[in-house]
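Examination of the molecular architecture
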Amino acid sequence: MSLDLLTYLFIGGSFALYIGIAIWARAGSTQEFYVAGGGVHPIANGMATAADWMSAASFISLAGIISFVGRDGSAYLMGWTGGYVLLAMLLAPYLRKFGKFTVPDFVGDRYYSSTARMIAVICTIVISFTYVAGQMRGVGIVFSRYLHVDVNTGVLIGMAIVFFYAVLGGMKGITYTQVAQYCVLILAFTVPAFFLSAQITGHFLPQTGLGATLGSGQSVLATLDQLSVELGFNAYTDGSKSTVDMVFFTIALMAGTAGLPHVIVRFFTVPRVKDARTSAGWALIFIAILYTSIPGVAGFGRVNLINTVNGPDNTGTSYAEMPGWFKNWENSGLIGWYDHNGDGKVQYAAGNAFEGGKPNFIDGTGEQGQRMVSNPTLAPAPVKAAPFANEVYVDRDIMVLANPEIANLPAWVIALVAAGAVAAALSTAAGLLLVISTAISHDMMKKTINPNITDKQELMYARLAAIVAICIAGYFGINPPGFVAQVVALAFGLACASVFPVIVMGIFSKRMNTQGAVTGMLVGLVSTMAYIIYFKFMGGSADQYLFGISPEGFGTVGMILNFVSAFAVASMTPAPSEEIQKIIEDIRIPRGAGGAHAH
Amino acid sequence: MSLSPEKAKAYWRENLGIISVYLVIWFVASYGFGILLVDQLDAIQFFGFPLGFWFAQQGSIFIFVILIWAYVYSMNKLDEKYDVHE
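Residues numbered from 1 in each chain as written. Chains lettered and ligands numbered in written order. Predicted model: local features only at pLDDT ≥ 70, side-chain atom pairs only at ≥ 80, totals over all residues. Heavy atoms only, no water.

This brings us to the side chain of Ser30(B). By the element assignment, Ser30(B) lies in helix 1 (residues 5–36). Ignoring any residue separated from it by four or fewer positions in sequence, one finds Ser30(B) in contact with Met78(A), Met254(A), Ile35(B), Ser60(B) and Phe64(B). (Helix = DSSP H or I, 4+ residues; strand = E, 2+ residues; numbered from the N terminus. Contact = heavy atoms within 4.5 Å.)

If you want it as structure tokens, here you go:
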């Protein structure tokens, strides 16, 4: 069977499955819409959380990032998993005991203030939209590459699918669809990883394969270090980020993970407090299967890429002999080549092949058949120790998708990867859309604007909000704001600087009051946003960083400022009432959680 | 809530104790071995990996998984000890 046919089959088959589940698990009440009725088994919830959490960024981009930056990428690996430890110990069980639907619900009730609730609503919506725009774009790219449609058409197909199960099924539909999506995405990631590892090292597990020895007698990592240095890059196992920045960035990712509203809300769906803890454990196991495979995939991918492009003698391969994947991705605009030394060979080394980094394609093809560009680097001088000037641009995002092709794996593996990438992007998009619609219908309409609406009306608002949210997300997918990649830092920074501290203080400090919480959230929010906006959008340069902390890591500073200002203000203002203190004591004791309260 | 205030306090204190111990391990495994001491540990080879690099990219994740399950186990026992389990 041809690759195209297999791809249609895999993607079509998985869609049929998701839609079937959505129809089977239709939500009839707000309880089912928001928290799936509160009766999800911890293992199922763990899988759903894992699918919810592992987005297009984890599936498609992370291995690529690590493949290109080596040790510095560890911040993502530790940050995006270590946050679950915080989630399990500091948030999940208590929020489950509290028994409300959403993060703004907790903030509003615990701090007995609609101002606090509205700030939490705004944080939730900003964080979720930032995230969802990237997912829709990811879906569009995968569709355009494998279904040979326009990226925009790809986004529209994605919108239609998400619409179907998020609007109909609500949390209940999403939970069980996400279980199916987890299975698809984890198979799609690990199967090629096993193949790659076995092919390169003879070890099936990529976890141990990365430490194995190659035919040359040298270990994979030592080979990578040697190749990287020869080509003028940093050694793969060495870092170039400063220690301070690594620490702050990792903390921001961890606390940000623990503070992401669409992850937190998953812990409201289990029956008991005990299950909230167990469920975090399962979620992390399911996530760790993918995350511990990533370093292997990244390492093997890089060895393969360098060997294929530069050839066995490391001097370059002639363009005419480059394998099909190279030209396919060149056609998608994610690979570019300019023959600086005019020898007809493709050569890969450190440094930019193109002015400004990315190739700027123009119409027409060169004499070898390569796509023409208008921006070759003016003076392609070899960098550091590199033996030749770099002639290739490789987009980091293609690593996972292109890996099976680079390694010549069977066509069904490639089709499976496509289905997995779509599953990863869609499951996260659906979870985020649900959080947005809940924040609007429940926290804004029901709790703030009009408390008299019925359950049925609230459900209608939730579905309406979901539809509007899908349209906005689709719009961003089709007209991506150039800054999608940058704003992800904003999403984590905001979650770390505002949501995470306010919940932790709400549980662990009986003294924390409205004034303290509101001040803390505002201080964290404003300082983090200002820093990120200044450096990402207003041209601040790296030598102006405060203590050398990059904007990605600044959420940690925002979090510290949040804690400090909150406690300072709380100590000068009256303590919360007796009644609120009772509630806090009650959250701390597991017994008597009951169902998530409807009102 | 059938728990007396003293017992509730004692339960909470033990809970905080458990969390603190696990968070210290969490910190040492990730920030300690994976970032602060990574260069020193890289001098040691561990199944083909420089040890610091292994902690940063894989080891810390394994430890996180173990930590959450150890926490689940400790808390379930604590809940039963104070008879607040469900």
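The next thing to look at is the interface of chain B and chain A. Taken together, the contact between chain B and chain A spans 45 residues of the former and 54 residues of the latter. Taking both partners together, chain B and chain A bury about 4300 Å²; carbon and sulfur atoms supply 70% of that area. Across the chain B-chain A interface, the total number found is 4 salt bridges. For Arg71(A), the salt bridge is made with Asp39(B), and the minimal N-O distance between the two is 3.2 Å. The tally of links from chain B across to chain A stands at 14 residue pairs in polar contact (both at pLDDT 80 or more). Counting only elements with at least two residues in the side of chain B that touches chain A, the list comes to helix 1, helix 2 (38–41), strand 2 (49–50) and helix 3 (51–81) of chain B. The dominant element in the side of chain B that touches chain A, judged by the number of residues it contributes, is helix 3 of chain B, at 17 residues. For the side of chain B that touches chain A, the residue count by class is 30 nonpolar, 10 polar and 5 charged. (Buried area = accessible area lost by both parts, 1.4 Å probe. Salt bridge = Lys/Arg side-chain N within 4 Å of Asp/Glu carboxyl O. Polar contact = N/O pair within 3.5 Å; in protein donor to acceptor, adjacent residues only side chain to side chain. Nonpolar A, V, L, I, M, F, W, Y, C, P; charged D, E, K, R; others polar.)

Attention now goes to the UniProt feature "domain: Sodium symporter small subunit" (unreviewed entry) in chain B. Within the UniProt annotation, "domain: Sodium symporter small subunit" (unreviewed entry) is assigned to residues 8–85 of chain B. Helix makes up 82% of residues 8–85 of chain B and strand 5%, whereas the separation of the span's terminal C-alpha atoms amounts to 13 Å. (UniProt positions renumbered as here; feature names shortened; annotations may be inferred.)

A separate point is the packing of helix 8 (residues 151–201) of chain A against helix 17 (residues 411–449) of chain A. All names here are of chain A. Viewed as axis vectors pointing N to C, helix 8 and helix 17 meet at an angle of 145°, and their least axial separation amounts to 6 Å. In the packing of helix 8 onto helix 17, the handedness of the crossing is left-handed. For the contact of helix 8 with helix 17, a count of residues per class yields 23 nonpolar, 7 polar and no charged. (Axes fitted to C-alpha atoms, helices over the stretch in contact; angles between N-to-C directions. Left-handed = near helix turned anticlockwise from the far one by under 90°.)

Below, the discussion takes up the UniProt feature "transmembrane region" (unreviewed entry) in chain B. The feature "transmembrane region" (unreviewed entry), as given by UniProt, occupies residues 16–38 and 44–72 of chain B in the numbering adopted here. In this annotation, residues 44–72 of chain B is assigned 76% helix and 14% strand; the end-to-end C-alpha distance for the span is 33 Å.

The subject of this paragraph is a nonpolar patch on the surface. Residues and elements named next belong to chain A. Together, Ile 23, Phe 163, Phe 164, Leu 464 and Ile 467 line one region of the surface with nonpolar side chains, adding up to about 390 Å² of accessible area. If you list the elements that add at least two residues to the nonpolar patch, you get helix 8 and helix 18 (455–478). Mapped onto the elements, Ile 23 comes out in helix 1 (residues 3–24). Overall, Ile 23 belongs to the partly exposed group, its relative accessible area being 41%. (Patch = residues over 30% accessible without salt bridge, like charges linked within 9 Å, V, L, I, M, F, W, Y side chains within 5 Å. Areas by Shrake-Rupley, 256 points an atom, 1.4 Å probe, with all protein chains shown as cover. Buried < 20%, exposed > 50% of the residue type's maximum accessible area, 1.4 Å probe, protein only.)

Right, let's get into the state of the cysteines. Scanning the model with the defined rule gives 0 disulfides over all chains in all. No disulfide involves Cys123(A); its sulfur sits 12 Å from that of Cys496(A), the nearest cysteine. (Disulfide = S-S within 2.5 Å.)

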